[in-house]
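Inside the fold
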Amino acid sequence: MQDAYFLYHSIGIYPGKEADLARTMGAFAAVWGAANDAQWDWLLPRRAAFIDRWRAIINAPEGSVTTAENVTQAVHMILTALPPERLRGRRVLIAADCFPSNHFLLTRLQERLGFTLDTVPLRQGAAWVEDEDFLNRWGPDVALALLTWVSSTTSARIDLPALVAHGRRMGSVIGVDITQGAGLLPFDVMAPAVDFTVTTSLKWMCGTPGAGILHVAPSLIADCRPELRGWFSQPDPFNWALDRFDYAPDIRRFDNGTPGCVAAIASLPALDWHAAQDHGAILAHNRARTARLIEAARELRLDLVTPEPEARRGGSVMLRLPGPAAAVVARLRDEGISTDGRGRVLRASPGVVTTDDGVAALIAGLARHARA
Ligand SMILES: Cc1ncc(COP(=O)(O)O)c(C=O)c1O
């Protein structure tokens, strides 16, 4: 039942998603399967529309956003494009509650690119990294900091303006992973101005997998020489002269071979739907339902792992249960309630299709299955 769907931290849904996807993929099949030359004139403008939708969501200037398969790949694209001397012998700073995939990538990349990955730890018994601890560790030898706007394990939200202001004083490249907030909370790459932004479309934006994006501030693009380059990195992809490769002046230099397009096309209806919504209302809907869940956690004496103040959290409520979350998730699933778990932590993220009745069903389910 859609009413009790709480998985927006994982996959977002909106009314009509299945029908939109079926129609769009059907249209793609018709174009791609046709024995004519109409394919790229259909595909490329839709990829461009996908990019423009994302530009509007994060207020990114033209020529500063391109597609990536996922967040991890987008981080790889920017790290391997920066001037090597910018990273070599210096630190890259990240918090222990980052998305692990980015950490796996950076741990390996440091060997080749010659930086030291410095991971700001959690305090004893804490669920998220304190901004204060991150700031204390952020000195002028930090070449780059990758900030996680909203944590996937606690929904804790960092104080982005304060961190960015500090990072500017340190002269670091500042990147933000906005995956857990994008489409729900307002985000603006210009305020505070960040150097790069990575995210993907399948969570609060309700798109599909494979539809990641990379934003790079125009001032930084000029310094970047992407390692993974190809014909589409050029101002004119049809320049095939082997001795005259040239990087495009804008974000297109981060493209390489033939762009995949399919995930962007499949996600476009979701982005179109999102663009037509009242974004304040989407957020208010989430706020009312997460507040109710937090109140219920108190009533049920379940341990809240998400910060309580609205300004300090994203769109999820994470609860530490007395035992493994998987057992409770399974019982809730049997009752038509969709949540997920990590260890003892149950994650619940109400979005546009989640109703008050759904919230009441989850609370009743937790009362039955999750108490010690
Ligand atoms: C904060 C954050 N970053 C990144 C990702 C996804 O990374 P990727 O697209 O590389 O799988 C997630 C997914 O849950 C996330 O929560």
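In the block above lies the structure referred to throughout.
Notes on the structure follow.

Parameters at a glance
Residues numbered from 1 in each chain as written. Predicted model: local features only at pLDDT ≥ 70, side-chain atom pairs only at ≥ 80, totals over all residues. Pairing = 2+ DSSP bridges. Helix = DSSP H or I, 4+ residues; strand = E, 2+ residues; numbered from the N terminus. Axes fitted to C-alpha atoms, helices over the stretch in contact; angles between N-to-C directions. Contact = placed C-beta atoms within 7 Å. Buried ≥ 20, exposed ≤ 12 C-beta atoms within 10 Å, placed from the backbone. Expected span 1.5 Å × (residues − 1).

Here we have seven strands laid out as an open sheet, ordered S1-S7-S6-S5-S4-S2-S3, and mixed in their pairing. The open sheet is flanked by strand S1 (65-68) and strand S3 (116-120), the only strands paired with a single partner. Shown here is a sheet whose adjacent strand axes are inclined to one another by a mean of 20°, direction ignored. When strand S5 (residues 173-177) meets strand S6 (residues 196-200), the two strands line up parallel, connected through three bridges. Note that in S6 the partner of Val176 across the bridge is Thr197. Across the sheet, helix H3 (residues 71-79) lies against S1, strand S4 (142-148), S5, S6 and strand S7 (212-216), angled at about 30° from S7, the strand it touches most.

Of all the five residues making up S7, five are buried; the element is thus mostly covered by neighbouring parts of the structure. Side chains Gly212, Leu214 and Val216 of S7 all project onto a buried face; the interleaved residues Ile213 and His215 project onto the opposite face, where all are buried too. Of the strand pairs in this sheet, S1 and S7 are connected by four bridges, and their pairing is antiparallel. What sits directly across from Val65, in S7, is His215. In the sheet, S6 pairs with S7 via five bridges, with the strands oriented antiparallel. Counterpart to Thr200 in the pairing with S7 is Gly212.

What follows concerns helix H5 (residues 100-113). When the terminal C-alpha atoms of H5 are compared, their 20 Å separation across 14 residues agrees well with the 20 Å that a helix rising 1.5 Å per residue should span. Of the residues flanking the end of H5, it is Gly114, one or two places downstream, whose phi is positive at about 75°.

Looking now at unusual backbone geometry. Most peptide bonds are trans, and most residues other than glycine sit at a negative phi. Cis peptide bonds are those with omega within 30 degrees of zero, and the linkage from Ala191 to Pro192 qualifies with -5°. If you trace the backbone, Pro192 turns up in the loop between S5 and S6. You will see that Cys261, though not glycine, has its phi angle at about 65°, which is positive. Its location among the elements puts Cys261 in the loop between helix H8 (218-221) and helix H9 (262-275). Under the C-beta neighbour-count criterion, Cys261 is labelled buried, with 20 such atoms within 10 Å.

Let's shift gears to the sheet that holds strand S10 (residues 340-342). Taken in spatial order, the four strands make up an open sheet running S8-S9-S11-S10, and their pairing is antiparallel. Pairing within the sheet leaves two strands with one partner each, and these edge strands are strand S8 (303-304) and S10. Relative to strand S9 (residues 317-320), S8 is paired through two bridges, and the arrangement is antiparallel. Among the inter-strand pairings, Leu304 is bridged to a residue of S9, identified as Leu319. Most of the contacts of helix H10 (residues 279-299) go to S9, to which it runs at about 15°, and overall it touches S8, S9 and strand S11 (345-348).

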